[in-house]
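Chain by chain, the residues run as shown.
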Amino acid sequence: MLMGHPILNQQYLSLTSILHKCKSMAQFKQAHARLVITGEAYPSSAFRPVVSFSALDPSGDIDYAFLLLVHSPAPQTLFPFNTLIRGFARKHDSDSLTNSVFIFRQIPEFGLSPNNFTFTFLFQCCSNSLQLNLGRQLHSMIAKTTVQDDIFVRNSIIQFYSVCGRLDDARHVFNESSRVDVVSWNSLINGCLRNEDLLGAIALFDKMPERNSISWNTMIAGLVKFGLLDEATRLFNDMPTRNLISWVIMISGCSQNGWQLKALELFKEMQLLGGPEPNAAILVSILSSASQLGALTNGKWVHLYIEKRRKRIDSMLSAALIDMYAKCGCINLAMQVFESSPEKDVYNYTAAISGLATNGQGEKSIWLFEQMQCEGIKPDSICYIAVLCACSHMGWVERGFDYFYSMTKVHKIEPELDHYACMVDLLGRAGLLVEAERFITSMPIRPDTVVWGALLGSCRLHKNPEMAKRVGSLLLESDHDHDGRYVVLSNIYAESNRGHEAQNVWNTMKRRRIKRVPGSSSIEVEGVIHEFVAGDRSHEESDDIYVQWENIMREIKKAGYIVETQGVILDVEEEEKENAVGFHSEKLALAYGFIHTNAGSELRIVKNIRICNDCHSAIKLVSMCFNRKIVVRDRKQFHHFEAGSCSCMDYW
């Protein structure tokens, strides 16, 4: 053997040491190539760093490691086999499981026996692929061996059965274990939560002899998943120590479950306590909360924080910033973020297209959609919703249908219910109510209440009480718990001078014990969000607010403002009807903004339901009489009021 030659041995040793210093696959392959030509045989230990890097490093090449194992001299240890199986366990495709099983079956061929690590990684592969039968076979294989008593193997089996939905089997393994540790408890708690057994998870958590951060985080995440945010908050406050994951769970959980103010409070608390550096998940959640609230000051602060800390703005963070500015009515700032984004993909394009559409810039929205396709970026189903909404807001019926059909013909995207709802809204807004109803009845999938609700809204816009009665009756039976259906139908009747029928709708709502979600409006002043409901007297400055609105109303009446009481169904005198609409929540928010901002400054108001005709008319005149830009975001779209006109062109 030439390998016995001292010079070659010295070269071999130097090349082996080089392998341990390689940092990339390209370097490994070059060093490996030089090592191969040094002799006919070499110990497999020389390939330990190559196998480890190729199989486990994110920039590695597991297929290269696999070929290396297949073609190398007979391995003397389990290390390369276990490392390859571990690497495949990190992947989530069917080929990974097939390769892992192949490697596992080769182990006896080399006179070796699988150990606890082998089975631990194999059960991970079975969990990833939900291969219940194969996992059961492995469990049976080790049932009478010492491997079954290994705690790592036991924990991986508990996790495997939990992921596969076999919670009883997971509990059996846990209860039959001679020794369990905190990982065992965590695995079973996670299994309970995966399988919707919240009470079981709570019981286990309470019995745990010791808990680590994973225990707390898993239980808090479970409570958040079930919408029990009060309980999750209490548990979060009781944690002995919090890590980054703890903050991510709570902040994102609050943001996704409608607790936007709480999410912002938690973020500020994390900063004040000197907590961990927020990651992208937290920043995206906070921006989402700010956008939902219309909290521009908070959103700008987060943007400034990102820039000061030199955080990398990837496409998701960029999309969140665009969405935040757009939903705060600052579409120019949103587009500045879009233009400066280093990475443009379908996510930030969609955020920009949607933002332009809802802010009354439909033409720019469609232009950007076409530009995106010219850049070679394929739109997805969500992007098409934004485009169809833009066409709807602009009244472009023919163009909207062109895009609707191009979804399937050009991009092979099958329309979903949300797309059909957009088309009904498009036809309805254009006054084509008969065509909209015909479109619904010809849908290839069964229309849901959102689709029919779009038609009902159009019936109100174009004052068609007969069709509204037919559509509304259908909705009140199929969606009888949705308060909005009753409100829209009753308003249609009231505005058509059918007060008796409007009252019948309200009586039906009361009989069914359906609670109406009160209309509310919020305004952010100096970073603090103030919320109002109609006729609200709870605010500490309510007396000043009402006086301010009275002053405003005197001025706009000089410009021709007349209170619109047509939609009020109360059987009372006209003066009382005027009082009923005179102090709607957006008017109170507007008055508060006048008190606490400088003359001529822009005001932004967020409303949780659609703006009414009277408020819309009043705010148009306010913008003219007081030379103010006023942005109102209602449940459907933005209204940019300026110089007596609105961006919606009175078409909402």
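You'll find the structure just up there.
Predicted, not measured: the structure shown is a model, and the values here were computed from it. (Residues numbered from 1 in each chain as written. Predicted model: local features only at pLDDT ≥ 70, side-chain atom pairs only at ≥ 80, totals over all residues. Heavy atoms only, no water.)

Help me understand the packing of aromatic side chains, please; the structure alone is not making it clear to me.
For the structure shown, the criterion picks out 26 aromatic pairs. With a centroid separation of 5.0 Å and 50 degrees between ring planes, the pair formed by Phe160 and Tyr161 is classed as tilted. The burial state of Phe160 is the same as that of Tyr161; both residues are buried. Measuring from ring centre to ring centre gives 5.1 Å for Phe174 and Trp185, while their planes differ by 80 degrees; the resulting arrangement is edge-to-face. With Phe174 in helix α10 (residues 167-176) and Trp185 in helix α11 (residues 182-194), this residue pair connects regions lying eleven residues apart in the sequence. For the residue pair Phe174 and Trp185, the accessibility class agrees, reading buried in each case. Ring pairs connect the aromatic residues Phe401, Phe404, Tyr405, Tyr420 and Phe439, which therefore count as one cluster. The aromatic ring of Phe236 is capped on one face by Arg242, whose charged end is 4.0 Å from the ring centroid. In this arrangement the basic side chain of Arg537 is found over the ring face of Tyr546, its NZ or CZ atom lying 3.6 Å from the centre. (Phe/Tyr/Trp six-rings, centres within 6.5 Å; stacked < 30°, edge-to-face > 60°. Buried < 20%, exposed > 50% of the residue type's maximum accessible area, 1.4 Å probe, protein only. Helix = DSSP H or I, 4+ residues; strand = E, 2+ residues; numbered from the N terminus. Lys NZ or Arg CZ within 6 Å of the ring centre and 35° of its normal.)

How should the pairing of strand β1 (residues 520-525) be read in this particular structure?
Counting buried positions along β1 gives six out of six residues, so the element sits mostly inside the fold. Neither face of β1 is left uncovered, since the one carrying Ser520, Ser522 and Glu524 and the one carrying Ser521, Ile523 and Val525 both have all their residues buried. The pairing of β1 with strand β2 (residues 528-533) spans six bridges and is antiparallel. Bridge pairing in β2 places Ile523 opposite His530. Linking two consecutive strands that pair antiparallel, namely β1 and β2, is a turn of two residues; a positive phi of about 55 degrees is found at Glu526 within it. In the sheet, β1 pairs with strand β3 (residues 603-607) via three bridges, with the strands oriented antiparallel. Bridge pairing in β3 links Ser522 to Val606. (Pairing = 2+ DSSP bridges.)

Before we go on, may I ask you to explain the environment of Asp345 in this structure?
Topologically, Asp345 is positioned in the loop between α20 (331-340) and α21 (346-358). With relative accessibility at 21%, the residue Asp345 sits in the partly exposed group. On a C-alpha basis, the gap between Asp345 and Phe205 in space is 43 Å, while along the polypeptide they are 140 residues apart. When sequence neighbours within four positions are dropped, the list of residues in contact with Asp345 reads Ser315 and Ile377. At a separation of 2.8 Å, a polar atom in the side chain of Asp345 contacts the side chain of Ser315. A polar side-chain atom of Asp345 sits 3.0 Å from the main-chain amide nitrogen of Tyr347. (Contact = heavy atoms within 4.5 Å. Polar contact = N/O pair within 3.5 Å; in protein donor to acceptor, adjacent residues only side chain to side chain.)

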